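Understanding the architecture of this molecule
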Amino acid sequence: MADGYEQLMKTGDTDISSPKKISRVGLVIASVFGGSAIVLSAICVPFITPALRKICLPYVPATDTQVTNILRALKGRQGSLIDLGSGDGRIVLEAAKNGFKGVGVELNPWLVIYSRMKAIQMGLSSSATFYRKNIWKTPLESYDNVVIFGVDSMMPELEAKCRTELKAGSVVAACRFAFPNLLPMYIVGEGIDTVWLYEVSRKHS
C-alpha cells in the first residue's frame, strides 16, 4: 500500500526521508482520506470560479439519488464508461461495482488522488481508473457510455463534442442539465436529480 501512495502522490525528486516532508504528505493524505465534502469543496475553490468554467466543470458532489438515477438510466448496458469531470470519483466507482470498465477525467489533482485512493481502498483499481486531464482534450471515440454532470452554459459545447466524437450505439447520461438540441431516449428522476439518456453519435452529425 505504501508503494501505491508514493505512486499516487508522484513525489518525484522529493526527499521523502525528511521527517518534515513526511508530515506534510501525511497531512495531505489524511485530509483527502477524510472524504469530507467541506474539505474537498475548499480545495476546489479555484475550480468553481466563472473564469475556469470554460475549461473545467465545477466540483459539486453527486447525491445518492443522482448516482442511483444514472445507474437506472444505464441499466442493461455494459462496456466502457467515462465520467467527464469525475470529481471525487463516486460515479466511476459505482459504475465499476456494476460491471462497467470505468474511467474518470478530472482537472483538479487532489480529486484525482482522492479517487485513486478510494479505488484502491474499495478493491476496484483494475476497473476504475482516474486521470488528471482536460475534458475538452479527452477523445471519446472508444467509449460506450458517457456521464456528464454539466452546467447549463457548457451543455451546447458538450453536446457538440459528443455528437462529433462518439461512435454509433454510444449513449450519454446527462445529469442536472439537458442537452439543448437533442431529444432523450428517456428521462429518469426529477428536479436536480434528473438524468437524461441520449443516443449520441456521429450518425446524427
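That block above? That's the structure.
Okay, so let's go over this structure. Worth saying up front: this structure is predicted, and the values here are computed from it rather than measured.

A few words on the environment of Val 103. In this fold, Val 103 is placed in strand 2 (residues 101-106). Considering only alpha carbons, one finds Val 103 and Ala 128, 25 residues apart in sequence, at a separation of 5.7 Å. Ignoring any residue separated from it by four or fewer positions in sequence, one finds Val 103 in contact with Leu 81, Ile 82, Asp 83, Val 92, Thr 129, Tyr 131 and Tyr 143.

What follows concerns the pattern of salt bridges. Under the defined criterion, the tally for this structure stands at 5 salt bridges. Arg 163 serves as the salt-bridge partner of Glu 159, at 3.4 Å between the closest nitrogen and oxygen. One end of the pair, Glu 159, and the other, Arg 163, are both in helix 7 (residues 155-165), 4 residues apart, so they sit about a helical turn from each other. Taking relative accessible area as the criterion, Arg 163 reaches 23% and is therefore assigned partly exposed. Across the pair Lys 161 and Glu 165 runs a salt bridge whose closest N-O atoms are separated by 3.0 Å. Pair noted here: Lys 161 and Glu 165 are both in helix 7, with a separation of 4 residues, about one helical turn. Glu 165 sits in the buried class, given a relative accessible area of 16%.

Glancing now at the packing of aromatic side chains. If you walk through the whole model with that rule in mind, you get 1 aromatic pair. With centroids separated by 4.8 Å and ring planes inclined at 35°, the aromatic side chains of Phe 179 and Tyr 198 adopt a geometry described as tilted. Within this pair, whereas Phe 179 is found in the loop between strand 5 (171-175) and strand 6 (186-188), its partner Tyr 198 is found in strand 7 (residues 195-199), the two being separated by 19 residues in sequence. Residue class for Phe 179 comes out buried when judged on its relative accessible area of 4%.

So, how was this worked out
- Residues numbered from 1 in each chain as written.
- Predicted model: local features only at pLDDT ≥ 70, side-chain atom pairs only at ≥ 80, totals over all residues.
- Heavy atoms only, no water.
- Helix = DSSP H or I, 4+ residues; strand = E, 2+ residues; numbered from the N terminus.
- Contact = heavy atoms within 4.5 Å.
- Salt bridge = Lys/Arg side-chain N within 4 Å of Asp/Glu carboxyl O.
- Buried < 20%, exposed > 50% of the residue type's maximum accessible area, 1.4 Å probe, protein only.
- Phe/Tyr/Trp six-rings, centres within 6.5 Å; stacked < 30°, edge-to-face > 60°.

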